Amino acid sequence: MKTPVSERTLSGLGFYARFSSICSMLVGIAVLLGWTFGIAALKSLMPGLATMKPLTALGLSLAAVSLWLAQSNERVTLRQVCAGVVAIIGGMVLFEYIFNFDIGIDLMLFHQAVLAEDVLYPGRPAPATALCLFLLGLALFSIRYKSKALMPLLTVPILLIGLLALVGYVYGVSSLYQIEPYSSMALHTALLLVMLTVGVLAASPEHPFVTVFTSNLVGGMIVRRLLFAAIIIPFIFSWLQLQGELLGWYDTHFGLAIFATARIVVLVGLVYWGASLLNQTDIQRQNIFNSLLESQSQLAGMIDSAMDAIITIDVDQRITIFNTAAERMFGYSALDMLGQPLERLLPERYHAVHADHIRRFGETGVTTRAMGSLQALSGLRESGEEFPIEASISQIEFNEQKFFTVILCDVTERKQAEEALRESQTQLAGILDSAMDAIVTIDADQRITLFNAAAERMFGYSAASLIGQTLDRLLPERYRAVHTEHARRFGKPGVAPHTMGTLRALSGMRANGEEFPIEVTGISQIEINGQKIFTVILRDITERKLANQEREAKLILEAKNAELDRFAYTVSHDLKSPLVTIRGFLGFLEKDAAAGNMESMKSDMNHIGNAVAKMSGLVSGILELSRAGLIVDTPAEVDLGGLTQEIIQLLQGSLEAHGAKVIIQDPPPVVQGDRIRLGQVIQNLVENAVKYSGDQKEPLIEIGTKREDDTGDLIFFVRDNGMGIPSERSDQIFSPFTKLNARSDGSGVGLATVKRIVEAHGCRIWVESELGQGSTFLFTLPPFGSAET
């Protein structure tokens, strides 16, 4: 059995081991420095004391390093190397003494300084020091070995030798620390050897030899309290007796009698103190025993009052505890079941499996395990009725015997509830799979948890391949950020947990990459076990959208026809005016030519020229407008940022003339389309902003792109701070030959041309404006790779 050692004791021993390591290392280094610089005080650390040899200082320093490293399991090799070097130093010096053979190790360090010492063997440690270093090195090397005899054999001799040397120095008995004619063991050498040896013992608190002193048992507690007194009191009393005799205060017999009496008194006091400690410990143990009896009584009451059956068996699987709940569950009395095998409570088909399971569980050493996690279990009542149970098993070891405790729960009602739930889920699954719309359920991380049959048909994925995937996989990339933000807002606290409603149309993406229009007909959220679950109902509206497109095309055609009628009227009216002017001035020209009036002829010709120029402008505008709906060049990559910069450079003169400032925000992206036509759009919008800047002193034009909140479409905008557009005329400005200011330059086909070019790219354009607050013209951009031809 492992002897218990308290955490406080372990902490104190670790502190002492580190303290002795640091002290020994500092002293060893100080002595080596003394030899290096010839400082005699550092060699002896006190005038009149023996000098510590360099080899001794080196050995003690390495021993301190090894002891420090022994505090952890890291750098084991370095620790053993240091310990081995200490043992080698001591062993080689012993070899020199025993065989009277000079190996040369004595003069290895500080050769000249050592030779200057007037001793028999300069630089050689004392025989007792060499033996202690040898034993200390072996003790440090074997510090992790659990041999009962090795540790005391290596450490006790060092402690005795060191203690004798210390006593010799205190009592002035040189023979205790010196063997003539060899060098003596220095005082600080003896002290460090004792400290390091005790440190070695402190670093092995669980060694059988050390646990007598470190254990948490009564013996360990008593020895820790009395050990110091047992060492120091005789030492002090003997020293006092000796000092009194030397001073002549009393003779030897008187001193011996007095201090023998003093020792008896002190020892009796120590015995009394130890007995008091034993009594206190015994009282504490008795109290603990009484508490244990009380807790066992309470435990027995708790076991009998438990709702679940609690059964304890021994290693032979015979019942030793059978509580009241077990009696109710199985119909047996506790007296009938004590000593009976546990298999009596199980159907026969489980006997072999159950016995093998408990046997293997006992071999694992695991304390607790749920038995029901392996397979469904059934119990057997006294009446022979089988019923479902769940079981957990635990094991403890008491007096070297294993006991297993099984806790059983009758789950008949729960199984019935689970069966009813499964039937309900089956019905729900049938309803979901028969639904015409796609039903997709996601968790708070927007990962799919349900994907019905209609969703499989709609998107082309199997449910198994999408469970656990994010809903983004079913959406084109341009909608993903908008969708994530919408789901985040919808999941915020305070949003109704069952909100339903028709949302705007979106686009879905099938497994083959095809995009198709969908409509979110409903979205709801519920909370289950603290987790939010969202359900989305989706409908494929491809056919509806085609029908809508056909209807819209018809309406557009009707609008085009109406526009064509208006256009024909406007053209005939606007062209008739210059023709009438030309006809009239041709008559004037004929008369003036007959009269030879050259000045009048020049005036008539100027009027005719102006009318022709006006008609030419109208014809050019009509041609430009007719071409605006056509994409002349093959769609290609268009860098809108670079194109915008080119247009601004082209219009720089006009901009400077009006004092207009242009700001281009984040560089517009790369799209696919007709570069020339897109350039016309930007140029017309910028010119329009300059033209209608009004009396603004500092006209400002902003150009940039942004994402539309609802659809995620990329939008290009041109914003000015000019005169603005009356709200009643905002729907007319894209009509041909419509001008807000009749006196302004141009034919009134610029914005109509812009609208046709934008629509030819499959996009839409609109204006946001207030009178006097400026205008913002916006049009959606074709995504890369999707321009229509």
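Worth saying up front: this structure is predicted, and the values here are computed from it rather than measured.

Help me out: how do you make sense of the nonpolar core in this one?
Soluble globular proteins tend to pack their nonpolar side chains together in the buried interior. One finds L136, L193 and V200 to be the most contacted residues of the largest nonpolar core, which totals 49 residues. Counting only elements with at least two residues in this core, the list comes to helix 1 (7-37), helix 3 (54-69), helix 4 (76-99), helix 6 (127-141), helix 7 (150-171) and helix 8 (187-202). Per-element tally for this core: the top contributor is helix 8, with eight residues. Once residues within four sequence positions are removed from consideration, V200 is found in contact with L67, L136, A139, L140, I143, M151 and T155. Within the second largest apolar cluster, 34 residues are counted, among which are L643, A660, I701 and I765.

Hey, could you run me through the pattern of salt bridges in this one?
When charged atoms on two side chains of opposite charge get close, those side chains can pair. Applying the stated rule across the entire model yields 14 salt bridges. Note that E96 and R124 form a salt bridge whose closest N and O atoms lie 3.2 Å from each other. Here the residue E96 occupies a position in helix 4, and R124 occupies one in the loop between helix 5 (111-115) and helix 6, the gap between them amounting to 28 residues. You can call E96 buried: its relative accessible area is 0%. When its relative accessible area of 3% is taken as the criterion, R124 is described as buried. Here E419 makes a salt bridge to R422, at a shortest N to O gap of 2.6 Å. Residue E419 and its partner R422 are located together in helix 15 (residues 412-434), separated by three residues, close to a single helical turn.

Would you explain helix 8 in this entry?
One full turn of an α-helix is made of 3.6 residues, so residues set three or four places apart face in the same direction. Taking 1.5 Å of rise per residue, 16 residues should cover 22 Å, and helix 8 covers 23 Å from first to last C-alpha, within 8% of that figure. Most of helix 8 is tucked away: 13 of the 16 residues are buried.

Help me understand the packing of helix 21 (residues 640-650) against helix 23 (residues 675-691) in this model?
How two helices pack is summed up by the angle between their axes together with the distance between the axes. Taken N-terminus to C-terminus, the directions of helix 21 and helix 23 make an angle of 50 degrees; their axes are 10 Å apart at the nearest point. One element, helix 21, and the other, helix 23, form an angle in the oblique class. Crossing of helix 21 over helix 23 shows right-handed handedness. Where helix 21 abuts helix 23, its residues L640, L643, T644, E646, I647, I648 and L650 lie against R675, L678, G679, I682, Q683 and V686.

Whenever I open this one, the pairing of strand 15 (residues 700-707) confuses me. Can you help?
Side chains on a regular strand alternate between the two faces of the sheet. As paired strands, strand 13 (residues 661-664) and strand 15 are joined by four bridges and run parallel to one another. Looking at strand 15, one finds that V662 is bridged to I701. The pairing of strand 15 with strand 16 (residues 714-720) spans seven bridges and is classified as antiparallel. If you follow I701 over to strand 16, its bridge partner there is D720.

Please explain the sheet that holds strand 15 as it appears in this structure.
Hydrogen bonds between backbone atoms are what pair the strands of a sheet, whose relative direction is either parallel or antiparallel. Pairing is mixed across the open sheet formed by five strands, whose spatial order is 13-15-16-18-17. Since the sheet does not close on itself, it has two edges, and those belong to strand 13 and strand 17 (765-769), each with one partner. If you compare each strand with its neighbour and ignore which way they point, the axes differ by 20 degrees on average. Where strand 16 and strand 18 (residues 775-780) come together, five bridges link them in antiparallel fashion. Bridge pairing in strand 18 links F717 to L778. Helix 21 contacts strand 13, strand 15 and strand 16 of the sheet and is inclined by roughly 175 degrees relative to strand 13.

Honestly, the confidence of the model for the protein chain in this entry has me stumped. Any pointers?
Caution applies to low-pLDDT parts of the model: their predicted coordinates are not meant to be read in detail. On average, the protein chain scores 78 in pLDDT, and the residues at 70 or more come to 84%. Of the regions scoring below 50 in pLDDT, residues 496-505 engages in 29 contacts with residues more than four places distant in sequence or in other chains. Low pLDDT, under 50, characterises residues 785-789; the predicted model gives this stretch nine contacts beyond four residues in sequence or across chains.

I would appreciate a short explanation of a nonpolar patch on the surface in the present structure.
Taken together, the side chains of F95, I98, F99, F101 and I103 present a nonpolar region at the surface, about 520 Å² in accessible area. Using a relative accessible area of 62% as the deciding quantity, one classes I98 as exposed.

The rules behind these values
- Residues numbered from 1 in each chain as written.
- Predicted model: local features only at pLDDT ≥ 70, side-chain atom pairs only at ≥ 80, totals over all residues.
- Heavy atoms only, no water.
- Core = buried A, V, L, I, M, F, W, Y, C linked by side-chain atoms within 4.5 Å.
- Buried < 20%, exposed > 50% of the residue type's maximum accessible area, 1.4 Å probe, protein only.
- Helix = DSSP H or I, 4+ residues; strand = E, 2+ residues; numbered from the N terminus.
- Contact = heavy atoms within 4.5 Å.
- Salt bridge = Lys/Arg side-chain N within 4 Å of Asp/Glu carboxyl O.
- Expected span 1.5 Å × (residues − 1).
- Axes fitted to C-alpha atoms, helices over the stretch in contact; angles between N-to-C directions.
- Parallel < 35°, antiparallel > 145°, perpendicular 65-115°, else oblique.
- Left-handed = near helix turned anticlockwise from the far one by under 90°.
- Pairing = 2+ DSSP bridges.
- pLDDT = per-residue confidence, 0-100.
- Patch = residues over 30% accessible without salt bridge, like charges linked within 9 Å, V, L, I, M, F, W, Y side chains within 5 Å.
- Areas by Shrake-Rupley, 256 points an atom, 1.4 Å probe, with all protein chains shown as cover.

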